[in-house]
Amino acid sequence: HFAFTSQCPTQKMNLFQSVTSALDNTLASDPTAVIFGEDVAFGGVFRCTVGLRDKYGKDRVFNTPLCEQGIVGFGIGVAVAGATAIAEIQFADYIYPAFDQIVNEAAKYRYRSGNLFDCGNLTIRAPWGCVGHGSLYHSQSPEAFFAHCPGIKVVIPRSPVQAKGLLLSCIADQNPCIFFEPKILYRAAVEQVPVEAYTVPLSQAEILQEGSDVTLVAWGTQIHVMREVANMAQEKLGVSCELIDLQTILPWDVETVCKSVVKTGRLLISHEAPVTGGFAAEISSTVQEECFLNLEAPISRVCGYDTPFPHIFEPFYIPDKWKCFDAIKRMINY
Amino acid sequence: MQNMLTIISNALCRITGRNVGAQTVSEGSRVVVSRSFADFTPQATFDIKKCDVHRLEEGPPVKATLTRDQGLQYYRIMQTVRRMELKADQLYKQKIIRGFCHLYDGQEACAAGIEAAINPSDHLITAYRAHGYTYTRGVAIKEILAELTGRKGGVAKGKGGSMHMYAPHFYGGNGIVGAQVPLGAGIALACQYQGNNQVCVTLYGDGAANQGQLFEAFNMAALWKLPCIFICENNKYGMGTSVERASASTDYYKRGDFIPGLRVDGMDVLCVREATQFAADHCRSGKGPIVMELQTYRYHGHSMSDPGVSYRTREEIQEVRSKSDPISLLKDRMLSNNMAAVEEFKEIDIAIRKEVEEAAQYATSDPEPPLEELCNHIFKNDPPLEVRGTHPWATLKSVS
């Protein structure tokens, strides 16, 4: 599932190493960049910041006490004053104490000051998504809560190459960004990643596989599930699927998705977060507005159940390939 | 007589090591019966460490009385928690328990001491290192272990796991750091409102002591004089960060500022008991909240994924184990004051081991909760609610 490119010097890296590489590039090129969060100094609980403190000094890579609201508020202040702030929230599940700071302070700074001030220098990183044993508070996917907030950008990579490029784009972007990193892929995803800095554009969805019968939209870990679903659909049903990685949740690439649906006539969106109010609802609503007459079947959303993320029931909860395959079958036979 | 007893107790040690079970127990009781209970001191008074105080005229007493029965009971409780946590460690390494598991061994004196000073009708809420409190608040070992393994016999029906165990007047078990403290203040308000003379013991750690919501809770509790005992279990490390690197002030008992505070030796069950008694009296008399800092230590790392030695030395852990282990402290006190015999402790140990082993058996063999439980208990609803599933044509029933 992972790409191997070789145009420039590359190194085999997994997801957390590609994040470290992006942060390394940033600290090297931007003298105002600082990284802070819980336990980032020794390398971070997922090893995303290993070696950075030794290389760049303890005034640039430092620990904060255990206070998410404080971390993000502090980050907003750092960003507004002109430094590049990269804040880490230890798990996306813990981001809620900082929700007020993100939604009310960070997102609205430019708007309410009439462009006099902004905290575009702020990037918040957080591990995201299910991991097999995370249960209620180490598995959440909160992108839908933030998608409802104009003023911030929400980005989710699917692989090391994308992660480094997207993270560097977020840091460079002049708007506050939230970068969710799929924690289950930290070690599992390995690719040849360019050592130098490069960016992957934000708000551009990527078509990973062209097809003619069904459009599949997903992001993060779910892309890999959908790749398998696309293969299964081809083998078992002779159905050709077009797979799109949304990459940026807010603002999302409406054009690419709609163009694809105009071509295929069917859309399946899948994410781990609960279905009610999940981001698939937004995509579904917009697509039916734009492409109503092109649709051959109702838009299908295969998502998590409307329950808290379960402890022992995780394998039944997540939208696995069988549930997605089933949805495709129904759409084809509609 | 003394020599004979030493020889027999040595023999018992060897036999216990090979775990012969029932035979050993009867031999033990034969030995104890030969020495009458009138030989033991029924009660003794011990000097305990003086507590540092903040905004208080005087602290808890510096002497504590312990009866033989109390001593054996505290020993039993602490040893049970210790063995249960070690069994959880073993089951985790065998991958029978998965997910997150935060063990309490080393801190047993806190749970045992607090429970000894409050009534079952009082309330208690803590953070995620909760297995010890779940036991002291009355849940059976097998229900705790079954909850860890995610089985339907678990105290939360297998749906909560390690961090979410509950019991009457015990509100968990909370995963989000610091979130339980405003809850505790709220429970205290309910006690005050209902006029039932109960208190709420609200526990948090040295890491959580820097969360903003704690200070919001302190302010409300002091303003309305809520009967809330805020207890900071300071085990010197917030996950991997030592207290000096996380807190501008490590005098956690003073962090309540306008709320009186006590700093207590958390490795001595008697010290914890006396301090909690003092604090409970303070609250019940309507003087308002009080903050207690229990200075304690955990032998394991933060959780089972943390070896616990990358931020502290093995020597440090060993030193605490040899000089301040709460169970050893109590046992040595009782033995040196002739309050119990070595064999009695051995007997208790054997009985506890057996109980924990049986509980582990239950936890491993009990079936997992049925799939219908996935959607139950989301809302309270009289006709069962339909819950949307992974696609619109498959809905599930939620019963509550």
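Note: the structure precedes this text.
Think of each chain on its own: its residues are numbered from 1, step by step along the sequence as written. Each chain takes a letter, starting from A, and each ligand takes a number, starting from 1, following the order in which they are written. Reporting in this predicted model follows two pLDDT cut-offs: at least 70 for local features of residues, and 80 or more for side-chain atom pairs to be given and counted; totals over whole chains, interfaces and linings ignore these cut-offs and use all residues. Here the side-chain values reflect all heavy atoms present in the structure, with hydrogen atoms and water set aside.

Remarks on helix 12 (residues 326–336) of chain B
All names here are of chain B.
Phase 1: What helix 12 keeps buried is the set Pro326, Ile327, Leu330, Lys331, Arg333 and Met334. The arc that holds the buried residues of helix 12, viewed along the axis, is 160°, so those residues lie on one side.
Phase 2: Residues adjacent in sequence count toward polar contacts only when both atoms are side-chain atoms; beyond that, a polar contact is any pair of N or O atoms within 3.5 Å, and within protein one must be able to donate a hydrogen and the other to accept it. Only DSSP runs of H or I with at least four residues qualify as helices, and only runs of E with at least two residues qualify as strands; both kinds are numbered from the N terminus onward. The residue sitting at the N-terminus of helix 12 and contributing the capping side-chain oxygen is Asp325; that oxygen lies 3.1 Å from the backbone nitrogen of Ile327.
Phase 3: Phi for Asn338, located one or two positions after helix 12, is positive at around 55°. Buried, partly exposed and exposed residues are distinguished by accessible area as a fraction of the type maximum, computed with a 1.4 Å probe on protein chains only: under 20%, between the cut-offs, and over 50%, respectively. Note: the arc covers the axis-to-C-beta directions of the helix.

Quick notes on the pairing of strand 10 (residues 214–218) of chain A
Residues and elements named next belong to chain A.
Phase 1: The buried fraction of strand 10 is high, at five of five residues.
Phase 2: Crossover handedness for the path strand 10 to helix 9 (residues 222–237) to strand 11 (residues 241–245): right-handed.
Phase 3: Pairing between strands is defined by DSSP: at least two bridges between them are needed. Here strand 10 runs beside strand 13 (residues 267–274); their pairing, made up of three bridges, is parallel. Bridging from a neighbouring strand, Val217 pairs with Ile269 of strand 13. The crossover handedness rule: strands pointing away from the viewer, path from first strand over the helix to second strand clockwise, crossover right-handed.

Looking at the nonpolar core
Phase 1: Here the nonpolar core consists of buried residues drawn from Ala, Val, Leu, Ile, Met, Phe, Trp, Tyr and Cys, with membership extended through side-chain atoms lying within 4.5 Å. Counting 72 residues, the largest nonpolar core has Ile114, Tyr133, Leu145, Ile229, Val264 and Met292 of chain B as its most contacted members.
Phase 2: Setting aside residues up to four positions removed in sequence, Met292 of chain B forms contacts with Ile229, Phe230, Ile231, Cys232, Leu262, Val264, Ala275, Thr276 and Ala279 of chain B. Contacts are residue-level and defined by heavy atoms, with any inter-residue pair within 4.5 Å sufficient.

Focus: the side chain of Thr49 of chain A
All names here are of chain A.
Phase 1: Position of Thr49 among the secondary structure elements: in the loop between strand 2 (34–37) and helix 2 (52–56).
Phase 2: Assessed through its relative accessible area of 0%, Thr49 is described here as buried.
Phase 3: Side-chain polar atoms of Thr49 contact the backbone nitrogen of Gly44, separated by 3.5 Å.
Phase 4: Sequence-distant contacts of Thr49, that is, excluding residues within four places in its chain, are made with Thr20, Leu23, Ile35, Val40, Gly43, Gly44, Glu88 and Arg125.

Here's the deal with the packing of aromatic side chains
Phase 1: Only centres within 6.5 Å qualify two rings of Phe, Tyr or Trp (six-membered ring in Trp) as a pair; their planes then separate them into stacked at under 30 degrees, edge-to-face at over 60, and tilted for everything else. If you walk through the whole model with that rule in mind, you get 21 aromatic pairs over all chains.
Phase 2: With 5.2 Å between their ring centres and 50° between their planes, Tyr237 of chain B and Tyr311 of chain B make a pair best called tilted. Here the residue Tyr237 of chain B occupies a position in strand 7 (residues 237–238), and Tyr311 of chain B occupies one in the loop between strand 10 (290–295) and helix 11 (314–324), the gap between them amounting to 74 residues. The burial state of Tyr237 of chain B is the same as that of Tyr311 of chain B; both residues are buried.
Phase 3: Clustering of aromatic rings is evident, with ring pairs tying together Tyr96, Phe99, Phe145, Phe146 and Phe180 of chain A.
Phase 4: Here, a charge over a ring is recorded when the distance from Lys NZ or Arg CZ to the ring centre is within 6 Å and its angle to the ring normal is within 35 degrees. When the ring centre of Tyr362 of chain B is taken as origin, the NZ or CZ atom of Lys142 of chain B, which lies over that ring, is 4.7 Å away.
Phase 5: We note Arg321 of chain B situated over the ring of Tyr299 of chain B; from NZ or CZ to the ring centre the distance is 4.1 Å.

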